Amino acid sequence: MNRSIPFQHPDITDEMWSSIEQIIQKNRNKPGSIITVLRECQQVVGYLPVELLDYIGKSMNLAPSEVYGIASFYALFSMKPKGRHTIKLCLGTACYVKGIKEVMARIESSYGVKEGDTSEDRRFSLEAVRCLGACGLAPVMVVNEDTHGGVSSDKVIDILERYQ
Amino acid sequence: MPKLTVDDLKTIKAKHIPRTEFSDKTYLLICGGTGCHATGSISVKDALQKALAEKQLEEKVRVIETGCNGFCAMGPIMVVQPGNIFYQKLSVDDIDELIESHIIGGKPVQRLLYKEPRTKKRIALQTEIPFFANQMPRALRNKGLIDPESLEDYIARDGYLGAAKALLEMSPQQIIEEVKISGLRGRGGAGFPTGLKWEFASKSPGDIKYVLCNADEGDPGAFMDRSILEADPHAVLEGMLIAARAIGASEGVIYARTEYPLAIKRLEIAIAQARENGLLGKDILGSGFSFDISIYQGAGAFVCGEETALMRSIEGKRGMPRPRPPFPAQKGLWEKPTVLNNVETLANIAQIIVNGGAWYASVGTETSKGTKVFALSGDVNNIGLVEVPMGTTLRTLIFDIGGGIPKKRKFKAVQLGGPSGGCVPERYLDTPVDYEAIAKVGAIMGSGGVIVMDEKTCMVDMARFFMEFIQDESCGKCTPCREGTRRLLEILVRICDGQGQPGDIEALEELSQVIRSSSLCGLGQTSPNPVLSTLRYFRDEFEAHIHEKRCPAKRCVALLKFEIDPELCAKCGLCARNCPADAIQWEKKQVARIDKEKCIKCLTCYEKCRFGAIQ
């Protein structure tokens, strides 16, 4: 290794480390920037391993408890690794009225994945998210970056089979 | 880029008016809101441009991607101007016919026009579609007309003329007076008079003050602010600029939901354009006044819509509310005097300055002036964004503009105001939208989410749904909200699971009163509302769940038998054909039968059956 990295972590590559360092550098002296740092680091790594939280805290001069407190408070942050594909089911009222609960149950039983978790083969992560504001398409499912509107419990598996 | 002056604004406006009045060529206005993007408007737009190039029509016809048109259920949407012809549900395959028939031949394509669900007639003119006909766009005046990424388009529609007037011709006190005369009240939900809020902040001593924009639209079923930001971002910036001038602020922050990437992108573009042209930054329009705006992305916490929590979140802390006073007008962000306004409130400001407060107050009711944007969704035909004068009745909103309930089902209730709001039953449908009148029937105006529910919605399940939301989003700071909502949820879950006990309703009511009177912030104080309002109007459903172990709407899975009533079964086989688990046996002219071993209780059969035969 030609460059020193803070510590070895199976999910953080050297490239990721250099992005992380840049993000911290850019925000180190900005008051209130910790949420931005966590968001950008999560974009880089995919999730926020607890060891990384400690490192960010140290670098930003914040207590580990404070950083963990923030990471656990906001729904955006995840401290668990993600699957290859992330399924987000909108649990807004309009989607609920139109049957997203049944869609959720179908996915859970078909792929053996629970809400907020990742399937054992790391194929899918299943998340329930707050209203996406696309109520015209309810019920709404977002897989990675693709928005699928009008999903129903009988159609959802056909859609998901496209994501291997 | 040189800084713009008022004269420059007028020159740009004059030059670009043909574009916004559609007098120089044909314009194809394709909707680029989140909803239409998801249904494929970008590929439709690309196909249009390609086809126009092939036919060498680029000189005469221009394609413009606008912000959210509002009629989200019909996406992808395109309006042809001049002529105001409305096309819906377009696909790439329709483009050739559309160009041949309409653009070249002058004959609109009938099959792509809007079909009125009751009369089954096709309507070509956008203004004649009931969804649009009953609206009065003010905050949404530019939606579907301008390219949200073009500053010139915005200026052509009087953009930044309000700011110019406020900065060059009016004193801060005059601005505040004008806003007070308009009667504008906070559109985020609480309905506090905007002018008064500004006055408090303007009188607070301090060199540094802040103007914040609350774009953390967290209510489920609400997408007003997203649409405004996507369709007309400069209107929000201009509103903030005028507010800053009124209170003497030099810095502004927009707190935006991270779930709204398109809105954030368009805001970023708008801020960059405004800075480049001297509409943000130092010495704006030569007035000597300086102000700049940045965007702060939230990280997904409903409670951050509460003002003190939002400010803590910008400070990089857990977004937890603090007791008031001191009010943000005295000690807000970083302990400095701060004004926080909602997106829709700010989008109204520039026009109030241009046209005068009296103009704004000329529509509405005694205590609620102007217009309000609502997001119609749920079990209603015309889903989308609407703006109506205050005082319009809920019935007009749901049945005229919304086009009524689909699938010939019956209306049951309408949920207003998100998790802090309540459900309004049929007998109060003639209630006008007005802060006080809506509160009287047990809901709140809220930010504008209107979720229509038909007879297949279980009200106990709805109460449980909202309580789950609130319980999950409770920040945990104060005990009544943290523990109280959890206890409420436990009772509701039990009732839905068929484990309800006598005394549960009374326990719900008692707990609700305690939470309401002893929670710290608005979120906690209003958290029992979904329970109280459903109990108020649908007590019989709670009783049926508890005492008869029966869900009248047949929605609570634990209370369903998953059996087919042979009396009601029409032997059509629709259930069997749609069952994803192959659990239904059916042969022609035979009553269907559900195999309970195989049944996964997904409710598909129940949804499909037109005869209510699934018990």
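Not measured: the values here are computed from a predicted model.

K.L.:
I'd like a description of the overall build of chain A, backed by residues and values.
P.N.:
Helices and strands together make up the secondary structure of chain A, namely seven helices and five strands. Beginning at the N terminus, the succession of helices and strands in chain A can be written as α-α-α-α-β-α-α-β-β-β-β-α. Structurally, chain A occupies a C-alpha span of about 50 × 35 × 25 Å along its principal axes. With 164 residues in all, chain A has 55% of them scored as buried. Put simply, chain A shows about 7600 Å² of open surface, and 48% of that area lies on carbon and sulfur atoms.

K.L.:
Could you give an account of the domain arrangement of chain A, naming the residues involved and the relevant values?
P.N.:
Partitioning chain A into domains gives domain 1 (14-73) and domain 2 (85-160). For domain 1 of chain A and domain 2 of chain A, the distance between their C-alpha centres works out to 29 Å.

K.L.:
With reference to specific residues and values, describe helix α20 (residues 504-518) of chain B.
P.N.:
Residue and element names in this part refer to chain B. With 15 residues, α20 should cover 21 Å at 1.5 Å per step; its first-to-last C-alpha distance of 21 Å lies within 8% of that length. Along α20, the residues that are buried comprise D504, I505, L508, S512 and I515. Viewed along the axis of α20, the buried residues span an arc of 95°, placing them on a single side of the element. When the buried face of α20 is taken as reference, the exposed residues oriented beyond 90 degrees from it are E510 and S517. Looking at the buried positions of α20, the neighbouring elements they touch are α19 (479-496), α21 (522-526) and α22 (529-547).

K.L.:
Requested: an account of the interface of chain A and chain B, with residues and values cited.
P.N.:
Listed per partner, the contact involves 36 residues of chain A and 57 residues of chain B. Contact between chain A and chain B buries roughly 3600 Å² in total, counting both sides, with carbon and sulfur atoms accounting for 58%. It is F73, T93 and R130 of chain A in chain A that bury the most area against chain B; as a group they hold 19% of the surface buried on that side. Taken together, the connections running from chain A to chain B amount to four salt bridges.

K.L.:
Go over the sheet that holds strand β13 (residues 411-416) of chain B, please, and point to the residues and values.
P.N.:
Residue and element names in this part refer to chain B. If you trace the five strands from one edge of the open sheet to the other, you get β12-β11-β15-β13-β14, paired in mixed fashion. Every interior strand has two partners, whereas the edge strands, β12 (384-389) and β14 (422-425), have only one. Neighbour to neighbour, the strand axes of the sheet diverge by 30° on average, direction disregarded. Inspection of the sheet shows strand β11 (residues 371-378) paired to β12 by six bridges, in the antiparallel sense. Within β12, the position partnered with T371 by the bridge is P389. The strands touched by helix α18 (residues 459-473) are β13, β14 and β15 (449-454); relative to β13, the strand with the most contacts, the crossing angle is about 15°.

K.L.:
Lay out helix α3 (residues 50-60) of chain A with the relevant residues and their values.
P.N.:
Residue and element names in this part refer to chain A. Buried residues of α3: L52, L53, Y55, I56, G57, S59 and M60, and no others. Residues of α3 that are buried sit in contact with α1 (14-27), α2 (34-45) and α4 (64-73). Residue N61 follows α3 closely and has a positive phi angle near 65°.

Cut-offs used in this document
Residues numbered from 1 in each chain as written. Chains lettered and ligands numbered in written order. Predicted model: local features only at pLDDT ≥ 70, side-chain atom pairs only at ≥ 80, totals over all residues. Heavy atoms only, no water. Helix = DSSP H or I, 4+ residues; strand = E, 2+ residues; numbered from the N terminus. Buried < 20%, exposed > 50% of the residue type's maximum accessible area, 1.4 Å probe, protein only. Areas by Shrake-Rupley, 256 points an atom, 1.4 Å probe, with all protein chains shown as cover. Domains from an automatic or database assignment. Expected span 1.5 Å × (residues − 1). Arc of directions from axis to C-beta. Contact = heavy atoms within 4.5 Å. Buried area = accessible area lost by both parts, 1.4 Å probe. Salt bridge = Lys/Arg side-chain N within 4 Å of Asp/Glu carboxyl O. Pairing = 2+ DSSP bridges. Axes fitted to C-alpha atoms, helices over the stretch in contact; angles between N-to-C directions.

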